[in-house]
Amino acid sequence: MALNFKTTEEIEVPKKIVDQVIGQDNAVNIIKKAAKQRRHCILIGTPGTGKSMLGLALAEMLPKGALKDVLCLPNLKDEDVPIIKVFDAGKGSSLVEKSKSQATSLFKGQQFILIVMAMFVLMIPWWLREEIGDIMAAASLIAGMMFVGALALSFGLQMRASKSPKPKILIDNSKAEKAPFIDATGAHAGALLGDVKHDPLQSGGLGTPANLRVQAGAIHKANKGVLFIDEVATLKPETQQELLTALQEKKYPITGQSERSSGAMVRTDPVPCDFILIAAGNPETIQKMHPALRSRIRGYGYEIYMNDSLEDTPQNREFLARFVAQEVKKDEKIPHFTKEAVNEIIKEAKRRGSRKGHLTLVLRDLGGLVRAAGDLALEDNSKYVKAQHVISAKKLARPLEQQIADEYIERKKEYQVIQTKGSQIGRVNGLAVMGSGEAYSGLILPIEAEVTTGGKKEEFIATGKLGEIAKEAISNVSAIIKKHFGKDLKEKYDVYVQFLQTYEGLEGDSASIAVAIAILSALMKAPIKQDIAMTGSLSIRGEVLPVGGVNAKVEAAVEAGMQKIIIPASNREDITLDSKKIEIIPVKNVKEVIKYAFSGKEKERILNKFK
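Residues numbered from 1 in each chain as written. Predicted model: local features only at pLDDT ≥ 70, side-chain atom pairs only at ≥ 80, totals over all residues. Heavy atoms only, no water.

**Brief notes about the overall build of the protein**
Here is step 1 of the chain: Along its length, the protein carries 20 helices and 25 strands.
Here is step 2 of the chain: A buried classification covers 48% of the 611 residues belonging to the protein.
Here is step 3 of the chain: Put simply, 74% of the contacts in the protein that link residues at least 6 apart link residues at least 24 apart.
Here is step 4 of the chain: When the accessible surface of the protein is summed, it comes to about 31,100 Å², and 52% of that surface belongs to carbon and sulfur atoms. (Helix = DSSP H or I, 4+ residues; strand = E, 2+ residues; numbered from the N terminus. Buried < 20%, exposed > 50% of the residue type's maximum accessible area, 1.4 Å probe, protein only. Contact = heavy atoms within 4.5 Å. Areas by Shrake-Rupley, 256 points an atom, 1.4 Å probe, with all protein chains shown as cover.)

**Considering unusual backbone geometry**
Here is step 1 of the chain: Unusually for a residue other than glycine, glutamate 231 sits at a positive phi of about 50 degrees.
Here is step 2 of the chain: As for its placement among the helices and strands, glutamate 231 is situated in the loop between β8 (226-229) and α7 (237-249).
Here is step 3 of the chain: In the Ramachandran plot, asparagine 381 falls in the positive-phi region, its phi being about 55 degrees despite a non-glycine side chain.
Here is step 4 of the chain: One can find asparagine 381 in the loop between α12 (363-379) and α13 (387-396).
Here is step 5 of the chain: For asparagine 381, a relative accessible area of 70% gives the class exposed.

**Some details on the pairing of strand β2 (residues 68-73)**
Here is step 1 of the chain: Direction of pairing for β2 relative to strand β3 (residues 83-88): antiparallel, over a ladder of six bridges. If you follow leucine 71 over to β3, its bridge partner there is lysine 85.
Here is step 2 of the chain: Bridge count for β2 against strand β4 (residues 168-171) is three bridges, and the pairing is antiparallel. Among the inter-strand pairings, cysteine 72 is bridged to a residue of β4, identified as lysine 168. (Pairing = 2+ DSSP bridges.)

**Structural notes on the packing of helix α1 (residues 25-37) against helix α2 (residues 51-61)**
Here is step 1 of the chain: For the pair α1 and α2, the least separation of the axes is 9 Å and the interaxial angle reads 35 degrees. Every pair of crossing elements has a handedness; the one defined by α1 and α2 is right-handed. On the side of α1, the interface is formed by Ala27, Val28, Ile31, Lys32, Ala34 and Ala35, while α2 contributes Leu54, Leu58 and Met61.
Here is step 2 of the chain: The residue makeup of the contact of α1 with α2, split by class, is eight nonpolar, no polar and one charged. (Axes fitted to C-alpha atoms, helices over the stretch in contact; angles between N-to-C directions. Left-handed = near helix turned anticlockwise from the far one by under 90°. Nonpolar A, V, L, I, M, F, W, Y, C, P; charged D, E, K, R; others polar.)

**Some points on the pattern of salt bridges**
Here is step 1 of the chain: Per the stated rule, a full pass over the model turns up 18 salt bridges.
Here is step 2 of the chain: Glutamate 344 is paired through a salt bridge with lysine 347; the nearest N and O atoms lie 3.5 Å apart. Of this pair, glutamate 344 and lysine 347 both sit in helix α11 (residues 339-353), separated by three residues, roughly a single helical turn.
Here is step 3 of the chain: Using a relative accessible area of 13% as the deciding quantity, one classes glutamate 344 as buried.
Here is step 4 of the chain: Taking the relative accessible area as the measure of exposure, lysine 347 reaches 52% and is therefore exposed.
Here is step 5 of the chain: Lysine 394 is paired through a salt bridge with glutamate 348; the nearest N and O atoms lie 3.7 Å apart. Note that lysine 394 is positioned in helix α13 and glutamate 348 in helix α11, a separation of 46 residues in sequence.
Here is step 6 of the chain: Among the charged side chains, a network of salt bridges with common partners joins Glu344, Lys347, Glu348, Arg351, Arg352, Lys394 and Glu555. (Salt bridge = Lys/Arg side-chain N within 4 Å of Asp/Glu carboxyl O.)

**Re the packing of helix α17 (residues 512-524) against helix α19 (residues 590-597)**
Here is step 1 of the chain: In contact at an axis separation of 11 Å, α17 and α19 are set at 60 degrees when each is read in the N-to-C sense. With respect to their mutual orientation, α17 and α19 come out oblique. For the crossing formed where α17 meets α19, the hand is right-handed. Contact residues: Ile513, Ile517 and Leu520 in α17; Val593, Ile594 and Ala597 in α19. (Parallel < 35°, antiparallel > 145°, perpendicular 65-115°, else oblique.)

**Here's the deal with the side chain of lysine 603**
Here is step 1 of the chain: Looking at where lysine 603 falls in the secondary structure, it is placed in helix α20 (residues 602-608).
Here is step 2 of the chain: Excluding anything up to four places from it in sequence, lysine 603 contacts Ile594, Lys595 and Phe598.

**Regarding the packing of aromatic side chains**
Each aromatic ring pair is described using two quantities: the centre-to-centre distance and the angle formed by the ring planes.
Here is step 1 of the chain: Here the structure, examined in full by the defined rule, presents one aromatic pair.
Here is step 2 of the chain: Plain terms: the ring middles of phenylalanine 181 and phenylalanine 228 are 5.8 Å apart, the flat faces sit at 35 degrees to each other, and that makes the pair tilted. Linking phenylalanine 181 in strand β5 (residues 181-183) with phenylalanine 228 in strand β8, this pair joins segments that are 47 residues apart in sequence.
Here is step 3 of the chain: According to the relative accessible area criterion, phenylalanine 181 is partly exposed, its value standing at 22%. (Phe/Tyr/Trp six-rings, centres within 6.5 Å; stacked < 30°, edge-to-face > 60°.)

**Here we look at the sheet that holds β3**
In any sheet, the strands associate via hydrogen bonds between backbone groups, in a parallel or an antiparallel arrangement.
Here is step 1 of the chain: Strand order across the open sheet formed by three strands is β3-β2-β4, with antiparallel pairing between neighbours. In this open sheet, the two edge strands, each paired with only one partner strand, are β3 and β4. On average, each strand axis in the sheet is tilted by 35 degrees relative to the strand beside it, whichever way the strands run.

**Here we look at the side chain of glutamate 602**
Here is step 1 of the chain: For glutamate 602, the location among the structural elements is in helix α20.
Here is step 2 of the chain: Its relative accessible area of 18% is what places glutamate 602 among the buried residues.
Here is step 3 of the chain: Leaving out residues up to four positions away in the same chain, glutamate 602 has contacts with Met524, Lys525 and Ala526.

**Points about the sheet that holds strand β11 (residues 276-281)**
Here is step 1 of the chain: Across the sheet, which stays open at both edges, the five strands sit in the order β5-β8-β11-β1-β12 with parallel pairing between neighbours. Looking at which strands have only one partner, the edges of the open sheet turn out to be β5 and β12 (301-305). When the angles between neighbouring strand axes are averaged without regard to direction, this sheet yields 15 degrees.
Here is step 2 of the chain: As judged from the four bridges shared by β8 and β11, these two strands associate in the parallel manner. Opposite leucine 227, over in β11, you have leucine 277 as the bridge partner.

Just geometry here; none of it tells us what the structure is for.
Below, the structure written as C-alpha cells:
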C-alpha cells in the first residue's frame, strides 16, 4: 500500500467540515444543495457513519448575515400573552443591556438618597440634643429612622414595579460567528418546543412577570440554522406533529408544557423558527416516524441513505489515513501516528468492513480505536503512535460483546463443552455471532443431533431459544436427506437437534450446514472431526450460501483452538485474518462439507450417495 507519508502530522486536514467527511460523496453533494436551497434532509444509516458531521457541515455553509435576536416583552393589556420582537443580530442584546443599565442607574440613585437621608437622620438629633433635650432627641431619632425605613420600602416597591417592563432576550446571536447548529437529540417537548417556567409566587406582587419566565426551545434557537435530531422516531407522536407545524409555519408560539404549571396559562406571540431540519436514524426509523412529518421532509427536501463501507482502493486508504490525522487533531491530546500504525488501522477497517474488498465507514467506532492507541502511546512516553500500540489497543478497546464472547469461550473450554480434539457421532462445532454491525463477536456453537425411529412427531425437535429463521433453516435439511438417501425423516424418524447452552437465543440460518452435518452423522453413525468448526447457510438444493460476520466467526474459532474452519466459498475474500493461524476451507456445496468434516470409513459411503 503506497501511503506517501512517514507520520500523520504530514497530512493536511481540511479546514471546512464538509471536506472532512469521508466516503459519503452522494450525501455531501446533497447537503451542499440543501444548504444552498434551504432543504430539509432525512439521513438513514448505521450509527457512527457521519450523520451529525453532515449536519454540522450544512450549518457551516449557511450565511451568518441572516441571524436575528429575539426579545420577549411584557404585554400591558394581557400579561399572559407576552409580545415577541425580532431584531438584527446584536441589536436585541444592546436594547436589553440598555434597559439593565437604566435600572441599575436608578437603583444607584435611590441608594445614594437613602444613604444621605440615613446620615442626616442619625446626625441631626445629636446636634440638637442640648437645645431640645435627650427625650426629644431620641424621639427625633426614632421618627427619622421610621421615615427612612418607609422611604426604603417605597423605593423597593418602585423597583419591583419597574421590573415588569424589562425585556428578556430569548435568542442572542450578538456573538455568533456562524449559523447555529442545535442538536436536539433526545430532547423532551419543553426543551424542543419551548416552555414557560412555573411561578409559585403569583400573588401579592411577588411573582415573576410572565415574559421573564419564557424559555426558548431548540426549534427557536435553530432559527436560520440547522436543527439536528437523531433517532427522530423516539419523539412522541404529538411532539412530532408539533415539529411538523413548526416546519410548515416557520414560527411557533411558546407555552407551558405542563398542565399543572402556572406557565400553562402563558402563550407568547409566534416566535420565529425558520430552521433546516436534519432528521437522522437507523433503517427502523422509517417505519416508526410520523408519516406526515416524513412526507413534509420528503416533499421539501431529500432522503439520504448513508454508506457503511467503501471500496478498498489506494485512494480510499489515503482517505482513512486522513481520518486518523483528523482524529488526532480533534482529540488534541494523543500523538500522531506512524505510517505502520495507520496501516494497522486500515487492516482493522477492512476487517470491520465485513464485505469483500471494502473498508468500514463506521468511523466513530474506528475513532475509538485511534484514541485508545494514542492513550497507550502516551503511557509509553512515545513521540508517535506505533503499530504495536494499535495492536494492543484492539484488545483494550474490545466491545462488550467481544468481552462476553471471550468469557463464554473460556468457560465452555474449561468445562469441556467445546471439544477441539478427536471425533464424535452427532456432534459438530457450529459458529454464530452476537451483537450487530461493528459490534459483531463470534461464538463457538456446539450442536448435537440424535435420530430415533417410529415417533411421527414434528419433523424436527429443536431445543434452545431458536428464532423463526433458525427453525426454517433446520427444516431445509430434510429435503437434502430425502433426495440423496431416500429416507423421509418426517414419516420414519424423530430428529432431535440441541444447540448446547444457547440460553441467550439464536437467530439466523448461518448454522444450517452444521445442523445438516450433525443430523447426517447421527443418521448414518458417521463420526465428525472435532478440531473443525463450520458456518454457512444451506439451500434446499445443497448449495452453501454466504453468511454475515464471517471474520468474527473465524476469530472465535482461532480463540477456541480449532485447527480448521469451513466457510462458504463466496465469503473467502471477506476474511482478513492471517491464514497461518487456522486452515480456512471454502466450500460450495454440502458434498464438499462432508468431505472435510467426516472421518472414518462411513465418509465414503455418505459421499457415494451424493454422486
